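Single-letter residue listing:
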Amino acid sequence: MGKIVSLAGVVALGASAVWGQTFETFTDGNGIEFWQCEFGGAGVVGDGDAQFGLALPATAQTGFEEEYIGHLVVPKVKSTGTWMGISHESSMTSALLLLSWLDGADVMTSFRYASGYTSPDIYTGNATLTKISQSVNATHFEMTYRCESCWSWDQDGVAGSQVPATTSGAAQLIGWAQATQAPTTPGDTDSAIKQHADDGIFGAVVASARKSAYTSWVSLATATSTAAQATGTSTNSSNSTGSASASGTGGVTAATATAAACPNENAMASTTWDYIIVGAGAGGIPLADRLSEQGASVLLIEKGPPSSGRWGGTMKPDWLIGTNLTRFDVPGLDNEIWKDSEGIACEDYSVMAGCVLGGGTAVNAGLWWKANPVDFDYNFPAGWKSGDMAAAVDRVFERIPFTDVPPTNGVLYKPQGYEVVGGALAAAGWQNVTADDVPAKKNFTFSHPNEMFSHGERGGPMATYLVTANERKNFKLITNTTVSRVVRDGSRITGVEVEAFLEGGLCGIINVTPGTGKVILSAGAFGTPKILFRSGIGPQDQLETVKDAESSAMIESSHWINLPVGHNLDDHVNTDLVLTHPKISFYDFYAAYTNPIPSDADQYIANRTGILTQSAPNLSVLFWQEILGDDGITRQLQYTARVESGHDIESNKSMVISQYLGRGATSRGRTTITASLDMVVSTVPYLNNAHDTAAVAAGIESLKAALAMDPKIQIMYPAANTSTADFLADYPLTTASRSANHWMGSCKMGLDSGLVGNGTAVVDTDTKVYGTDNLFVVDASIFPGMTSTNPSALIVAAAERASELIAKIKVGKSSLVANSTVPYPTGNTNSTLPQGAGSPSGSAVPSGTAIFDSAASNATSRCTKQITLTGSRTSSSSLATEFPASSSLTTAFPTATSTPSTSHASFSLPSTGYQATNGTLPYPTATTSSPSGSSGRE
Ligand SMILES: Cc1cc2nc3c(=O)[nH]c(=O)nc-3n(C[C@H](O)[C@H](O)[C@H](O)COP(=O)(O)OP(=O)(O)OC[C@H]3O[C@@H](n4cnc5c(N)ncnc54)[C@H](O)[C@@H]3O)c2cc1C
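First, a word on scope: everything that follows refers to the structure included in this document. (Residues numbered from 1 in each chain as written. Predicted model: local features only at pLDDT ≥ 70, side-chain atom pairs only at ≥ 80, totals over all residues.)

Here we look at the pairing of strand β30 (residues 670-673)
Burial along β30 is two-sided: Arg 670 and Thr 672 facing one way and Thr 671 and Ile 673 facing the other are all buried. By the bridge criterion, four bridges tie β30 to strand β31 (residues 679-683) in an arrangement that is antiparallel. Counted as the bridge partner of Ile 673 is Met 679 from β31. (Buried ≥ 20, exposed ≤ 12 C-beta atoms within 10 Å, placed from the backbone. Helix = DSSP H or I, 4+ residues; strand = E, 2+ residues; numbered from the N terminus. Pairing = 2+ DSSP bridges.)

Put into C-alpha cells, the structure is as follows:
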C-alpha cells in the first residue's frame, strides 16, 4: 500500500498552490523512489493537487528501456466522480494514453489511443500495466504501477514513441487531463468517458528518475486486482456506429458525434444533379454559387451543422441570445475554437479543421489576402499562372472586399501592438503598406490585418456566395450529412454515398445526372483524400487499409486507381517569438466569450463597434520578407503579431509573433488514413532540409534586428542567451508546435499525371482527378505549394477559376485506364515525391510521426519552464557555425535610409544542414519548454 501520508501532503500543498508545480524526490510506501511533479490548483482539477511520479531503469539496465514505474495521485471530484489520464507523450492524439478512475475502492486503469480530437479508442497494441499498490482516502486515490511496453505504441499501424533518452538533461514530456465526471460504467475498463475539464503538460527530468534499484522494484509488480490489468488487448470500439457519446480528452474536443438514425427513405433518391459538390468551405461554397449561376442543378453537401446565425446556427454564449448572431459571426470570439471546439472541429483528423457549414471560413481569423501573383506563377502549372488567375482574383474581391478597420465607426481598438511592432519595423526601414492594395509587395513590408469581415461580422463566402446560390431554385444545400465515398463504375462516377452525421442528415445514394453529371470534392486537405481513399483512389497502402476496415463497402481492387493522394502535404511552418513592451496590454478575448466587459458587448450588439469587432486575440500587424537561398529559391516569410502571451512568458504586456515559412519551402509531408478511418499527418511537412531551415533562421535574425530598433522591446522567447541555431534545434517539428492550420497540397494539381511513371499530380489542370471521367477536386488540396499569406482568399480564387473550367468539360471516357500503373511506393513511409511545379524536390523527409497536438499546445505548460534541457543535440557552437554570422545578414537588411522593397535577405547554405543535425535528436527529449498556445492560429 502506498503511504496515505503522501496524499495528505498533496492536499496541504493544493490549498496554497495556484497552478503550481513542484519537483522533488518522493519515496512511496513500497520504498520506490520517484522523480515527482505536483500539479493542479484553482480547484479545477478535483479537490486538491495531483502527483505523477516516474522511476526509470538506470541507463546500463538494458532490456527495460520501454518501461517505467509510475506513481499517480488523483484528487477526487466528490459529487460527480472523475477520471485522470496520462499521455506518454505531451499530446493527446497519436500517443499511448493511460486512464485511471475509481470503482468503489478499486483503482481502474485503461489504455486508450486517440488519433483525432475525439473520444479515445481502446488501445489495441501491446502495453501492460501491473499495479504494485493502490489506496484511497477521502480526497484522493493513488496507485503505483509498472508500465511495460509503454514508451512505444502502435495503433492500427500508426506507430509512435518517446523512449527516454540516455543523455544528461533530457526530459520526458508527459501530458495529463482530468475530468469532472466519472466514466459512464466505472466497473468496466472499456467504459465510455466524458470530456476532461482540464489538462496540462510537464517535463520529467529523465536523469532524476533513473534509479539502479529499478530492477529490484519491478519484482513488486504482481497483479493486485482484476481491474489493475490493462493489457491493451480489448476490442476496439472506435469507428463504430457513431453512438459514442463521450468526447475528446484534449483541449480541443470533438463533436458529439452521435450519428442520427437515418430516415427510412432517402428523400434524394429520385433526384439527380448536374453537380454534386462535397464540402461547404472555402472551395465548395463559391463553386456551388458559380456553377448554379450558370443554370445547372447543384447539390452542396456539408457534413457539419449550420454555423452562422444566418444559416440557422445556434452555437452561442448567453450574451448573444436574442440576436441572430452565433459565436461564428463575432470576430472577437474566433479564438474560442482553441478553447472549446466541441461540435465544431473535425473529429476524424489529428489536426484542427472546421467541420461546420463554412468549413475553415466559419472558424478562421478572417485574414483575407489578395493573391501575391508569384504564388500562382511559382507553384501552379500552365493555365493557372497569375495572368490566368487575375480575373478570378478580382471577382473574389468584388464579392468579398477586404477591410482593415472592422468596427463600423472606423476606430481601431487597442492598436498598441501595431504601433510597437510596426514602429520598430518602420525604424528598421520596412515599408508600411495596405497589403491588399499592393499584393505583390511582400518583402520588407508591413500592414494592418486585412480581413473578410463585413459590417463588424464575419462575412466571407457564407455571407455572399452562399446567399446568392441559395436564392436559386436549381441549388440545394444539405447539412449534417457526410459523404463517405463516391459511387463509381470504373472511371465513371454515378453518385455519392451519404451518411447522417448529425440529426437530420441523409443516408443512402444520391446520383448525378446520368451521362453528364459531375462530382466535385471540396472537403479540404484531409476530407478530400479520405473520400478518395474510401472510393478506391489513392496509393496502394492506403486503399488496403480502407479495404481492411470496410471490406465489402470498398470498390473491388481491380477498379482501384493508384494516385499519390495524401503526398505533397504542405502547411506554413510556424516559429514563434514572444516579446514584451510597456505599452502593450492584453485584452482577454477568452473571458469575453462567457463574461464580456458589459460595455464591449453592448457596443457590439448595438452598432458593431468596440474591440469585439476585431479578430481575437488582437491581431495587430502582419509583415513579410523574402529570403533568397543559395539553392536559388526565394522563400516567403509572413509574420503575424498578436497581443497575447505564450511559451510560458507570464506577462500581460506580451505579444507573440508567429513567423510562417511559405512559398518556396520544399519540405513536404503526407497524410494517411488509419484503420479506424481517421486522417493523420504521418509525415510532417516542416523543415526537412537545410535550405528551409536556414530561411527560418535568417528571418529570425532579421526580425530580432528590426525589433532592436525599439529599446523598450524585450524579446523573452527565445531567451536572450539562446542562439537562433540552438532555438531552432530545440523547437519541436510537430503539428502542435509548427502548424499554421494552412493545410494544402494533398491532391496536387499538375501536368504530370500520377498514373504514369513518377508523376506527382492527382488532378489535371481542369481539376479533374486523373483516371476518372467526371470527378473533380476544388479545395486547398490541389495547391501544389504554399502561398505567401493565409490562403483562404486564394482558395476561393481557385474555386472561381475552376468553375469556368469544369463547366466546359464534356464528360467522356477517361483516356487513362484505371489501375494502369502503381507509380508510388506503397509502404506507409516517408514521402520522397518530387514537389510542386517550379519547386525542386525536397530532400529526405524526417521520419517523425509524432504529433504534438493542439490539445497539448493549448495546455498550460506548468513544469517545463523549470527544466533545463540540454545535451541531446549537437552542441550549440557547432550549430552556430551553420548560420551566417549576423553581420553578413544585416548587410542585406534595410536600414532606415535604404529602400527595402527590392532587397532580399540572403543566407549561406549550412555546411552540414539541419536535417542531419535534427536526425541526431532523440526527439522529443531535446525540446525546451513546451509551447502553450504556441502554434500559429490564423
Ligand atoms: C483555426 C483556423 C484559423 C485559420 N485562419 C485563417 C485566416 O485567418 N485566414 C485564412 O486565409 N486562412 C485561415 N485558415 C485556413 C483556411 O480557413 C483554410 O485553408 C480553408 O478554409 C481551406 O479551405 P477548403 O475549401 O480546402 O476546406 P474547408 O474550408 O475546411 O472546407 C471543407 C468542408 O468540407 C466539409 N467536409 C469534410 N469532409 C466531408 C465529407 N466527407 N462530407 C461532407 N462534407 C465534408 C467540412 O465540414 C468543411 O466544411 C485557418 C484555418 C483554421 C483551422
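Some points on the sheet that holds strand β17 (residues 275-278)
With parallel pairing, five strands are arranged side by side in an open sheet as β21-β18-β17-β25-β33. Only two strands of the sheet have a single neighbouring strand rather than two, namely β21 (475-478) and β33 (775-777). Pairs of neighbouring strands in the sheet enclose a mean axial angle of 20 degrees, with direction left out of account. In the sheet, strand β18 (residues 298-301) pairs with β21 via four bridges, with the strands oriented parallel. Bridge pairing in β21 links Ile 301 to Ile 478. Each of β17, β18, β21 and β25 (518-521) touches helix α4 (residues 284-293); the most contacted strand, β18, lies at about 170 degrees to it. (Axes fitted to C-alpha atoms, helices over the stretch in contact; angles between N-to-C directions. Contact = placed C-beta atoms within 7 Å.)

With respect to the nonpolar core
Judged by nonpolar contacts, the single largest core of 183 residues is most densely connected at Ile 276, Val 278, Ile 520 and Ala 797. The residues touching Val 278, leaving out its near neighbours within four places in the chain, are Ile 301, Val 483, Val 496, Ile 520, Leu 521, Ser 522, Ala 523 and Ile 531. Counting residues in each nonpolar core, the second largest holds 62 residues, with Leu 72, Met 92, Met 108 and Ala 177 among its members. (Core = buried A, V, L, I, M, F, W, Y, C linked by C-beta atoms within 7 Å.)

Notes on α4
Along α4, nine of the 10 residues are buried, which leaves the element largely enclosed by surrounding structure. Within the span of α4, buried status applies to Gly 284, Ile 285, Pro 286, Leu 287, Ala 288, Asp 289, Arg 290, Leu 291 and Ser 292. Residues of α4 that are buried sit in contact with β17, β18, α9 (465-470), β21, β25 and α17 (792-808). Immediately beyond the C-terminal end of α4, within one or two residues, lies Gly 295, with a positive phi of roughly 100 degrees.

Observations regarding the environment of Tyr 418
Note on placement: Tyr 418 falls in helix α8 (residues 416-427). Judged by local crowding, Tyr 418 falls into the buried class, with 22 C-beta atoms found within 10 Å. In this view, Tyr 418 contacts His 448, Ser 620 and Val 621; residues no more than four positions away in its chain are not counted.

What about the site of the ligand?
Around the ligand sit 41 residues, and of these Gly 279, Gly 281, Gly 359, Gly 360 and Gly 527 come closest. Counting residues per element, the shell around the ligand draws most heavily on helix α10 (residues 524-534), at four residues. Looking at side-chain class alone, the shell around the ligand contains 18 nonpolar, 18 polar and five charged residues. (Near = placed C-beta within 6 Å. Nonpolar A, V, L, I, M, F, W, Y, C, P; charged D, E, K, R; others polar.)

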